[in-house]
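# Observations on the three-dimensional arrangement
The residues making up each chain are set out below.
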Amino acid sequence: LRVCLECRDSSAMATKTLNRWCSIQEDIEEYLHKTLAERIMIIDGAMGTTIQQYKLGEDEFRKPAKFNGDDKWCAGFEDRATVPKDLKGNNDLLSLTRPDIINEIHRRYFEAGADMVETNTFSGTTVAQADYSLEHLVYEINYKSAQLAKMAAIEVEGKTGVRRFCAGAVGPTNRTLSISPKVENAAYRNITFQELVTAYGEQMLALVEGGCDIIFVETIFDTLNAKAALFAIDVFFEDYGIKMPVVISGTIVDMSGRTLSGQTTEAFWVSVRHANPFCVGLNCALGPDQMRPFMQRMSNVATCYTHAYPNAGLPNAMGGYDLTAKQMAPMLHAWAKDGLVNLIGGCCGTTPDHIKAIADIMVGLKPSRVIPDPPNVMRLSGLEDMVITDASVFQNIGERCNVAGSIRFKKMVVANDWSEAAAVATKQVEDGAQLLDVNFDDGMLDGEDCMRKFCNLIATEPEIVKIPVVVDSSKFHVCIAGLECLQGKCIVNSISLKNGEEAFIKDAKLVRRYGAAVIIMAFDEQGQAADCEAKVRICKRAYDLLVSDKIGFNPVDIVFDLNILTICTGLEEHNNYGKDFINATKIVKEQCPGSKISGGLSNLSFSFRGLEVIREAMHSVFLYHAIQAGMDMAIVNAGNLPGFDDIEASLRTMCEAAILNTDPNATEKLLERAEIEKTIIEEKKSGGGGQAAKKAAEWRSLPNKERLMYSLIKGLDKDIETDIEEARQDTIAYPQPLNIIEGPLMEGMNTIGDLFGAGKMFLPQVIKSARVMKKAVAYLTPFMEAEKARKLLENPDMVSKKTGCIVLATVKG
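My aim in this report is to walk through the structure given alongside it, one point at a time. Starting from 1, residues in each chain are numbered consecutively following that chain's sequence as written. A pLDDT threshold of at least 70 governs which residues receive local features in this predicted model, and a stricter bar of 80 or more applies before side-chain atom pairs are shown or counted, although totals over entire chains, interfaces and linings include all residues. Each side-chain value is worked out from all heavy atoms of the structure, with water and hydrogens disregarded.

## Looking at helix α12 (residues 352–362)
One full turn of an α-helix is made of 3.6 residues, so residues set three or four places apart face in the same direction. Throughout this description, buried means an accessible area under 20% of the type-specific maximum (1.4 Å probe, protein chains only), exposed means over 50%, and partly exposed covers the range between. Numbered from the N terminus, helices here are DSSP runs of H or I no shorter than four residues, and strands are runs of E no shorter than two. Residues of α12 that are buried: P352, H354, I355, I358, A359 and M362. In an axial view of α12, the angular spread of the buried residues amounts to 155°, which keeps them on one side of the axis. Contacts are assigned to residue pairs with any non-hydrogen atoms lying within 4.5 Å of each other. Where the residues of α12 are buried, they touch β1 (41–42), α2 (47–52), α4 (99–112), α11 (325–337) and β10 (343–344). Among the residues trailing α12, G364 stands out with phi positive, at a value near 85°. Of all possible arcs, the one meant is that of the directions from the helix axis to the C-beta atoms.

Below is the structure:
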């Protein structure tokens, strides 16, 4: 054995010492890189399938054992009074009671051509062993399992002269952090993130002390469970001052291409890539034919080595696997030849015969996979991945799930009406929010408990958590509570330099360990940044710390909140707040490359609470200018943003003057306008409506074509079917129903496209317009079908003429 590596990273200060029976090999990663450049490396096959060949009964899981000269390898569990539960099926226990068989299986796989074998520890946590009341044996099971695999590696390496490795198998456990075991309570969980971290940490210590060279986090059906394992591994490496290659292996459960907890292949990768794995891939659930398209997708996005170990086909009616070694090997050879994988092996149903056939067919095959080198851009995930580049549209962060910003939402939370609270989140997504902000900062609430309940609840709602979540709190531990409930890559909102650099570094490192992006408030020891100079200075200082070796944050995962402060307060020193934010945005983007700019939009117009017409106009005008300066995202009410050109001209001018501070009388003018809006509101309350009602009805007197276009552009669906029917009756203007679509409806959509491209319309408005278009087309569809049927009756020869087919392809997302 080679020289023991005490610590790969001189900056890491080990606080604990390993008691390992064999030394750590310092050149493993170097050897793996070199070998993978030359050939496809081989992983072993199924442990459980091979154990079944030995046809073991209950007694074999209980008997005492001697092994390798150790007469006290295992005292056994023959006393039923002490261990009353049946133990058959607890395969990990065989490392204690039948070490000869487990060691032999490892040796058989090595002799078949495997470069590495996984330890017999798939259920080697206190969580999984609780089913058998054997939690107290977890250290011994893992330590001796690793020892058996390492012994086989040393033996076969000595005989063949080819390096062999022991890979510690870290399974998913029989609990899930993302799914409730109670149908009637979607927010309930029977385990916490930190409980899993503790269990995985215990397993890690035993595996590494037992002789593991590599760590496999495998068969991941819930990415949040895997993140707990990766968290524990990272803590373990830091505590003991070591580093080992980590392999991450997800499981796509069916042809939907998703994990059991709902993530796509790409979202899964985004959620775990912060761990900087040596290799990532897929295993279990599917055979080679079914798994291939998902392995292709993984290979396309993973910026590290990739692997696969599929099942020997799908299980038959008896639960067995029918794909033979001869049938399976050529399939996996094609994968390697086509550049899908760097390492290959087998899962359920595979035996040493399968691995020998796979190893033999890979001989002489030069690896063809080129590891992708994509641009370094922000990647977030919910159930689906989100990529934010410099060319991306402005990102709306839905603000309504915030007790500080929505009285309605707060009332639901106080009343424990969580289903209605979740409905608010659904509405935000429907209205065009690309991210969802969640905040429970209120003196009357237990913020941490509320954050856990709500995040657990929405984690089971695919229409909500398909997008990334922004966990928002002024209390850092509340943000952490949110991260521990969400499997995707979230954004933490926020941390700051308010309590000094030491606290900032500690918080930032923890956010990175959870795999989240982070929002930095422009706030330091002296207070909140108000002017442009302070915003830039604080953000640059925070940025330099984050990207330094002290923290190691990816620049693209850094978001700065430059503080959108309230204008039009009557205090002269507040008049430049909007302009300062916009100017600082441009400078920060230049001085902090890769970073993003965000802010809470509602603060800007706080002086005009209750006057939504003015507030929404101010928000839209502010965004129009801030986005041009480089603002990337903001916390907004996604359904209430008017288009820039839709704002009444005089109001728009007032808002611009106030935001850009170009008119010393801007506040007074807006206050005068506020009085007019208050009068309109009072008229509506008293049953009148006055000029507002009259103005709202004016467009209904426009010609039919203009009404159709107006409905589309404004996203108004109330009268669309009436106006479509009126147009359909006008057979002179529109001889066929299709002419209505090709005429005013498409003309309206073109106008929407132009406004969106010019930044004068935001995504939520576009979505509302699309819904109106869809409703209009749905109304016309039966008439178009009827016309088609009539023409077929008039001209039967048309039956033989097939309608042309146009194929449209679009980039996902």
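## Description of the side chain of D557
Among the structural elements, D557 can be located in the loop between α19 (532–547) and β20 (558–561). Each polar contact in these results corresponds to two N or O atoms within 3.5 Å; when the atoms are within protein, one needs to be able to donate a hydrogen and the other to accept it, and residues that are neighboring in sequence are counted only if both atoms are side-chain atoms. A polar side-chain atom of D557 sits 2.9 Å from a polar atom in the side chain of K489. With residues up to four places along the chain from it excluded, the contact list for D557 reads M378, K489, A517 and V518.

## Observations regarding α19
Multiply 1.5 Å by the residue count of a helix minus one, and that product is the helix's expected span. Taking 1.5 Å of rise per residue, the 16 residues of α19 would be expected to cover 22 Å, and the 23 Å separating its terminal C-alpha atoms lies within 8% of that figure. Taken together, the buried positions of α19 are occupied by C532, A534, K535, V536, I538, C539, A542, Y543, L545 and L546. Here the buried face of α19 lies against α18 (501–514), β17 (517–521), β18 (523–524), β19 (527–528), β20 and α20 (577–591).

## Digging into the nonpolar core
I344, F440, F454, F560, F622 and M631 are the most contacted members of the largest nonpolar core, which totals 200 residues. The greatest single-element share of this core, amounting to eleven residues, is contributed by helix α8 (residues 223–240). Discounting chain neighbours no more than four positions away, the residues touching M631 are F394, I564, F581, T585, I597, S598, G599, F622, L623 and A626. We call a set of buried residues a nonpolar core when its members are Ala, Val, Leu, Ile, Met, Phe, Trp, Tyr or Cys and they connect through side-chain atoms within 4.5 Å of each other.

## A look at the sheet that holds strand β21 (residues 596–598)
Strand pairing is defined by DSSP finding a minimum of two bridges between the two strands. Strand order in the open sheet formed by eight strands is β21-β20-β17-β16-β15-β14-β13-β22, with parallel pairing between adjacent strands. The strands lining the two open edges of the sheet, one partner per strand, are β21 and β22 (633–636). Adjacent strand axes in the sheet meet at a mean angle of 30°, parallel and antiparallel pairs treated alike. Every angle, taken between N-to-C directions, lies between 0 and 180 degrees, and every axis is a line fitted to C-alpha atoms, over only the stretch in contact when it is a helix. The sheet contacts of α18 involve β16 (491–495) and β17, and relative to β16 the element is tilted by about 175°.

## Considerations on unusual backbone geometry
Residues N493 and S494 are joined by a peptide bond in cis, for which omega reads 15°. Mapped onto the fold, S494 is located in strand β16. Unusually for a residue other than glycine, C284 sits at a positive phi of about 70°. Mapped onto the elements of the fold, C284 is located in the loop between β8 (279–283) and α10 (288–301). Its identity as a non-glycine residue notwithstanding, A285 has a phi of 70°, on the positive side. By secondary structure assignment, the location of A285 is in the loop between β8 and α10. Residue A285 is classed as partly exposed on the basis of its relative accessible area of 24%.

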